[in-house]
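Structural description and commentary
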Amino acid sequence: MRKRSIALMLCLLAGAASVVHGQAATMAPPVSASAQATAQAPALPRVRLVATGGTISNRRGGRLTADEIVVSVPALAEVADVEAEQFANVASSQLTLEQWLDIARRIEQLFREDPQLAGVVVTSGTDTLEELAYFLHLTVRDRRPVVVTGSMRNPSQVGYEGQANLLASVRVAADAGAAGRGVLVVLNDEINGARDVTKTDALRLHTFASRTFGALGVVDTDRVVFRRTAEGRHTTASEFDVAAITALPRVDVFMVYQGAPGDLMKAAIDFGAKGLVIATAGAGATSGTQGEGFAYAREKGVPVVATTRTGSGRIAGPRRPAGPGAAAPQGPPGMAPRIAAGDLSAVKARILLMLALTKTSDSADLQRMFSEY
């Protein structure tokens, strides 16, 4: 009996202890395991989407906006905090050179004002995607990743791959291993460098490739894998400052073919071309019928850059003079001194020459830039 009385007294004391100033004390509800995991999970990296249009947004009946594209890919919320902005919504071929400058300035502004921003994804039409990517490769001076993507099929077609390309691109932009590799092009789960990548097929999904050198890496289900990096000067090592460039000079591209006339080059110069790019045959051959164009370029002091029309291979630079005071090689009679573009394609050589001409027209300095970039 005494033991029961003691037990009863302890119960009463415990009950009394739970009352404070006449009010029942309440216990905090238990914290669920999922709530604890959420509280402990690190914040997702932030990625900015800058949309310019292109097939990836070209839905039948009206183009998708940047926000609509993001909403259409729910899996994005699992890999990054994506903020979207609409820079333009047009076909890539409708973007102007002035807009190129504006995009580069905008991306630099985003990085400058937000040190915690992990990276930027730019959507573009695929027809000129490689050109925009290479321009940004030379002008966005930050080591954080800029990824350019698009799609070959539009949102109204069966097999639309734009959502998968956007998800892969955001994963790359959010990946710390992508920093310092220059501007990247991500489609079809492959990562290519902006300098070397090109569109190899007009219709197939597996179209973007770096013919001679191969991809930098891949986007796998479990992680982003890099196997090499981009060589040459780019991004943080670039000498081109878009803040100081008000306009890009006109540079025109010509192809060598049997019987190609030289008067077209003369006309381009008369209409304001400050530089010419020649897609030569093989490893540098030009047509004998283009001589007057080369001669006119020499007369007017317009630099001529040689590339190859073959799609791969390298145009070697001029041999250095044999001794002190020796004149630099001038090429065949009537031909303008040629600057070798190395293995740059004609359209990318044009971009580098436009930027280079904002700083110099000296042929030796131009050749240095083509050798370094």
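Values in this document were obtained by computation on a predicted structure and should not be read as measured data. (Residues numbered from 1 in each chain as written. Predicted model: local features only at pLDDT ≥ 70, side-chain atom pairs only at ≥ 80, totals over all residues. Heavy atoms only, no water.)

Some words on the packing of aromatic side chains
Pairs of aromatic rings are described using the distance from one ring centre to the other and the angle between the two planes. This is how it is decided: Between 30 and 60 degrees the pair is tilted, below 30 it is stacked and above 60 it is edge-to-face, where a pair is any two Phe, Tyr or Trp rings, Trp via its six-membered ring, whose centres lie within 6.5 Å. Under the DSSP-based scheme used, a helix requires at least four consecutive residues in state H or I and a strand at least two consecutive residues in state E, with every element numbered from the N terminus. Accessibility here uses a 1.4 Å probe with only protein chains present; expressed as a share of the type maximum, an area under 20% marks a residue as buried, one over 50% as exposed, and anything in between as partly exposed. When the NZ atom of lysine or the CZ atom of arginine is within 6 Å of a ring's centre and also within 35 degrees of its normal, the charge is said to sit over that ring.
This model, assessed by the stated rule, comprises 2 aromatic pairs. Geometrically, the ring pair formed by tryptophan 100 and phenylalanine 135 is tilted, given 5.2 Å between the ring centres and 35° between the ring planes. With tryptophan 100 in helix 5 (residues 97-113) and phenylalanine 135 in helix 6 (residues 129-139), this residue pair connects regions lying 35 residues apart in the sequence. Note on tryptophan 100: relative accessible area 6%, which makes it buried. Directly above the aromatic system of phenylalanine 226 lies the positively charged group of arginine 181, at a separation of 4.1 Å from the ring centroid.

Here's the deal with the nonpolar core
In plain terms, the rule: As used in this record, nonpolar core signifies buried Ala, Val, Leu, Ile, Met, Phe, Trp, Tyr and Cys residues forming a set joined through side-chain atoms within 4.5 Å.
Ile107, Val122, Phe135, Leu136 and Phe370 are the most contacted members of the largest nonpolar core, which totals 53 residues. Sorting the residues of this core by element identifies helix 5, strand 5 (117-123), helix 6, strand 6 (146-149), strand 7 (184-187), strand 14 (275-280), helix 10 (346-357) and helix 11 (363-372) as the ones contributing at least two each. In terms of residue count, helix 10 provides more of this core than any other element does, 9 residues in total. Core analysis: the next-biggest nonpolar cluster, separate from the first, contains 26 residues, Leu49, Val73, Ala80 and Val219 among them.

Some details on the sheet that holds strand 6
Rules: One bridge is not enough; two strands pair if DSSP finds at least two bridges between them. Axis angles are defined between N-to-C directions and span 0 to 180 degrees, where every axis is a line fitted to C-alpha atoms and, for a helix, only to the segment in contact. Contacts are assigned to residue pairs that have any heavy atoms within 4.5 Å of one another.
Taken together, 8 strands build an open sheet; the order of strands is 4-3-5-6-7-8-11-12 and the sheet is mixed. A single partner strand is all that each edge strand has here, and the edge strands are strand 4 (81-90) and strand 12 (224-226). Direction aside, the axes of adjacent strands within the sheet are offset by 25° on average. Both strand 11 (residues 217-219) and strand 12 contribute to a ladder of 3 bridges, which runs antiparallel. The residue of strand 12 that forms the bridge with valine 219 is valine 224. Where helix 6 meets the sheet, it contacts strand 5, strand 6 and strand 7, and its direction lies at approximately 170° from that of strand 6. On the sheet, helix 7 (residues 162-173) packs against strand 3 (46-53), strand 4, strand 5, strand 6, strand 7, strand 8 (190-193), strand 11 and strand 12 and is oriented at approximately 150° with respect to strand 5.

Observations regarding the side chain of lysine 199
Applied cut-off: We call two N or O atoms a polar contact when they sit within 3.5 Å, provided that within protein one can donate a hydrogen and the other can accept it, with sequence-adjacent residues counted only if both atoms are side-chain atoms.
Note on placement: lysine 199 falls in strand 9 (residues 198-199). Taking relative accessible area as the criterion, lysine 199 reaches 19% and is therefore assigned buried. Reaching out from lysine 199, the side chain makes a polar contact with the side chain of threonine 126 at a distance of 3.0 Å. Beyond its immediate stretch of four places on either side in the chain, lysine 199 contacts Thr126, Asp127, Glu130, Met152, Thr207 and Phe208.

Re the layout of surface pockets
Keep this limit in mind: Detection works on a 1 Å grid of protein atoms alone, calling trapped sets that fit a 1.4 Å probe cavities and calling open sets with protein on both sides within 12 Å along at least five of seven lines pockets, with lining residues defined by an atom within 4 Å of a point. Grid points are joined across faces, edges and corners, and a volume is the space filled by probe spheres set on the points. The residue classification treats Ala, Val, Leu, Ile, Met, Phe, Trp, Tyr, Cys and Pro as nonpolar and Asp, Glu, Lys and Arg as charged. All others, Gly included, are polar.
Within this model, the second largest pocket holds a volume of roughly 430 Å³. Lining the second largest pocket we find 24 residues, and of these Thr198, Arg211, Gly311, Asp343 and Ser345 sit closest to its centre. Breaking the lining of the second largest pocket down by element, the ones donating at least two residues are strand 13 (251-255) and helix 10. Considering every element that reaches the lining of the second largest pocket, the biggest residue donor is helix 10, with 3 residues. Partitioning the lining of the second largest pocket into residue classes produces 8 nonpolar, 9 polar and 7 charged.

Considerations on the pattern of salt bridges
For side chains of opposite charge, pairing can occur when their charged atoms come near one another. Heads up, the rule is: By definition, a salt bridge exists where a carboxyl oxygen of Asp or Glu is found within 4 Å of a side-chain nitrogen of Lys or Arg.
Under the counting rule described, the total for this entry stands at 18 salt bridges. Two residues, aspartate 252 and arginine 250, come together in a salt bridge whose shortest N-O distance is 2.8 Å. Residue aspartate 252 is classed as buried on the basis of its relative accessible area of 17%. The closest approach of N and O atoms between glutamate 292 and lysine 266, which form a salt bridge, is 3.6 Å. You can see glutamate 292 sitting in helix 9 (residues 291-300) and its partner lysine 266 sitting in helix 8 (residues 263-270), a full 26 residues away along the chain. Relative accessible area serves as the criterion here: at 41%, glutamate 292 is assigned to the partly exposed category. Taken together, the shared-partner salt bridges connect Arg46, Arg48, Glu83, Glu85, Arg106 and Asp114 into one network.

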